[in-house]
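Fold and geometry: a report
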Amino acid sequence: RLENVIVHLPGTDPTGAIVVLAHYDSTINSPGAADNGSGVSVLLEILRALTAGPPLRNDVIALFDDSEEYGPFLGTRLFVNQHPAMTDVQIAISLDTAVAGAIFTNDTGTENGWLVKVLARVGRSSSWTSVSGGGQYDSFPFRQKGIQVLALEDNYPFKEQHSPNDLPAIVNPGSVQQMGELTLALTQELGQVDLSNPSGPQSLYFTIPVIGFIHYPESWAIPLAVMALALSLLAIGLALWRGWITWRGILVALGTTLAAAALSALVVSELVKAAPKLFGWQPRQYSEWPEVIPPNGGILFVGLGLLALALAVIAYAFARRWSRRAEFSLAGLLLFLIVSVGLAVAVPRGSYLAVWPVVIGALSWVGLAAAGSRPKAWAVDLIILLTALPFAAVFLPLIPAVFMGDGLKSLVPEAALWVLLLAVFLPVADSLFVKKSLARPQPVSEKS
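Residues numbered from 1 in each chain as written. Predicted model: local features only at pLDDT ≥ 70, side-chain atom pairs only at ≥ 80, totals over all residues. Heavy atoms only, no water.

Topic: the overall build of the chain
Threshold: The secondary structure listing takes helices from DSSP runs of H or I that are at least 4 residues long and strands from runs of E that are at least 2 residues long, numbered from the N terminus. Burial classes follow relative accessibility: with a 1.4 Å probe on protein chains only, a residue under 20% of its type's maximum area counts as buried, one over 50% as exposed, and anything between as partly exposed. The criterion used for residue contact is that any of the two residues' heavy atoms lie within 4.5 Å. For every accessible area listed, the method is Shrake-Rupley and the probe measures 1.4 Å; residues are considered covered only by the protein chains on display.
Of the regular secondary structure elements, the chain holds 12 helices and eight strands. Expressed as a percentage of its 448 residues, the buried residues of the chain come to 52%. Pairs at least 24 residues apart make up 84% of the contacts formed inside the chain by residues separated by at least 6 positions. Surface accessibility of the chain: about 20000 Å² in total, with carbon and sulfur atoms responsible for 63%.

Listed below in structure tokens is the structure:
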């Protein structure tokens, strides 16, 4: 027995309807303040704000749906399959859990190009990124019917989820406020535009600090990866031709980085297995284990990150006997080039993560090669820095965000990722102490 609660706000000249939905049920042992009392509260406040202002052009349907947890999505399926208003629905926005973190756009469905342009016009502060899309959320039944969807949540695996401790005290009002502001702005924008054809070429999108919201068609993913490949090979070829690097140095840097990444992942994996006993965690108490952040989980995240840093620094210092900073910088580009090609083929919505840092880094090295055969040391230092900056802009915000989204299960791949990134970052730190960046490394004497 299902009971959906539906509110219909008619538009003045509708070209379609927008459904904003939030499930009001919870698991049998949980009060559900965050999951999903927060989303229900947001939807109630949006209704108040909309009815307090002038009516919109398009219809707005508020759907408080039942049995998201146990269906799954039975209430949403009931609406999609039986409600007569479905003939007018063009967009569905799902609100599910605002508890502690920034609000993510977790799904935009297929042919999302039109909807992504709406996100760009709204322009509110958010963590919008297509890399986390493609899952199944409360709006999934709408997506199955070919309706454009948008799933909003903070993607935070809080330890109280689906437990008796999911109480109002754990909900951060800032997260609820951000979800509300984003959803109200989107609803007001969608409420005034023509909804008769809300589809477009599938797009990927992401937000870069300072720069803002960026989007382009997913069909660009493979051409951009090919461009990254061509530029990287050109950069390495020119560096070899100029005599700035050697194949041996590149291979040493590659081998050292991969070995350190594998060792870091292995060590962190064993420590994560030992963590429950060390911290007194009881995995059976968490319904989503290991996709959870238990008490003191942040300490584990920081501690294991520092461990990966230490392993990378030791490996880098050892390998610098036989390799140069330039070789490590270019080796890092090669490793992320492989990642960018793999993402472009397998997960094009996430290809931006690696392809743009590789393109910018490779262009920097090609520019240096065009400047002359004997560049100044400061120019090399600048190119190594320019190579590292795009990786810092993309990945440094992403690593804690992934931990906030996936919890303990993210620690092992993140340990390996940290080491790969340090292959690009450590040459920058090295430039503070080593001035002759293109000089061949000298063997360490017994005296030194």
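Overview of the environment of A401
Positionally, A401 belongs in helix α11 (residues 377–406). Considered as a pair, A401 and N155 are 246 residues apart in the sequence and their alpha carbons are 9.1 Å apart.

What about the sheet that holds strand β4 (residues 89–95)?
Applied cut-off: Strand pairing requires that DSSP identify at least two bridges connecting the strands. Here, axes are lines fitted to C-alpha atoms. For helices the fit covers the stretch in contact, and angles between N-to-C directions go from 0 to 180 degrees.
Read from one edge of the open sheet, six strands run β1-β3-β2-β4-β6-β5, paired in mixed fashion. Looking along the sheet, the strands with just one partner apiece sit at the ends: β1 (5–9) and β5 (104–107). Adjacent strand axes in the sheet meet at a mean angle of 20 degrees when their direction is disregarded. Direction of pairing for strand β2 (residues 17–23) relative to β4: parallel, over a ladder of five bridges. The residue bridging V19 from the neighbouring strand is A92, located in β4. Of the strands in this sheet, β1, β2, β3 (59–65) and β4 are in contact with helix α1 (residues 33–52), which crosses β2 at around 145 degrees.

Re the packing of aromatic side chains
Centre-to-centre distance and the angle between the planes together describe a pair of aromatic rings. Spelled out, the test is: Think of it this way: a Phe, Tyr or Trp ring, Trp meaning its six-membered ring, pairs with another when their centres are within 6.5 Å, and the plane angle makes it stacked under 30 degrees, edge-to-face over 60, tilted otherwise.
A complete count under the given rule lists 16 aromatic pairs for this structure. Aromatic side chains F279 and W281 sit 4.8 Å apart centroid to centroid with 10 degrees between the ring planes, which places their arrangement in the stacked category. Residue classification places W281 among the buried positions, given a relative accessible area of 5%. Measuring from centroid to centroid gives 5.0 Å for F318 and W322, while their planes differ by 65 degrees, and the two rings are edge-to-face. Aromatic rings pair up to connect F206, Y216, W220, Y352 and W356 into one cluster.

Section: helix α6 (residues 221–242)
Here is the rule: Under the convention used throughout, the expected extent of a helix is 1.5 Å for every residue step, that is, one less than its residue count. Think of it as the arc spanned by the lines of direction from the helix axis to the C-beta atoms.
Over its 22 residues, α6 extends 31 Å from the first C-alpha to the last, a length consistent with the 32 Å expected when each residue adds 1.5 Å. Buried within α6 are the following residues: A221, L224, A225, A228, L231, S232, A235, I236 and A239. Taken around the axis of α6, the buried residues stretch over an arc of 130 degrees, which confines them to a single face. Residues of α6 that are buried sit in contact with β8 (212–217), α7 (247–279), α9 (325–346) and α10 (352–371). A positive phi of about 80 degrees marks G243, the residue just after α6.

Let's talk about the nonpolar core
Rules: Nonpolar cores are built from buried Ala, Val, Leu, Ile, Met, Phe, Trp, Tyr and Cys residues. Side-chain atoms within 4.5 Å join them into one set.
Counting residues in each nonpolar core, the largest one holds 75 residues, and the members touching the most others are I245, L330, F336, W365, F391, L411 and F425. Listing elements by their share of this core, those giving two or more residues are β7 (203–208), α6, α7, α8 (297–319), α9, α10, α11 and α12 (411–430). In contact with L330, not counting residues within four places along its chain, are A235, I236, A239, I245, I250 and W365. Membership of the second largest hydrophobic core comes to 42 residues, among which are A34, V42, V60 and L95.

A few points about the side chain of S26
We count it as follows: For this analysis, a polar contact is any N or O atom pair within 3.5 Å, provided that within protein one partner can donate a hydrogen and the other can accept it, and provided that sequence-adjacent residues contribute only side-chain to side-chain pairs.
Structurally, S26 can be placed in the loop between β2 and α1. Of the residues examined, S26 reaches a relative accessible area of 18% and is grouped as buried. A polar atom in the side chain of S26 sits 3.2 Å from the backbone oxygen of S30. When sequence neighbours within four positions are dropped, the list of residues in contact with S26 reads P31, G32, D35, E69 and Y70.

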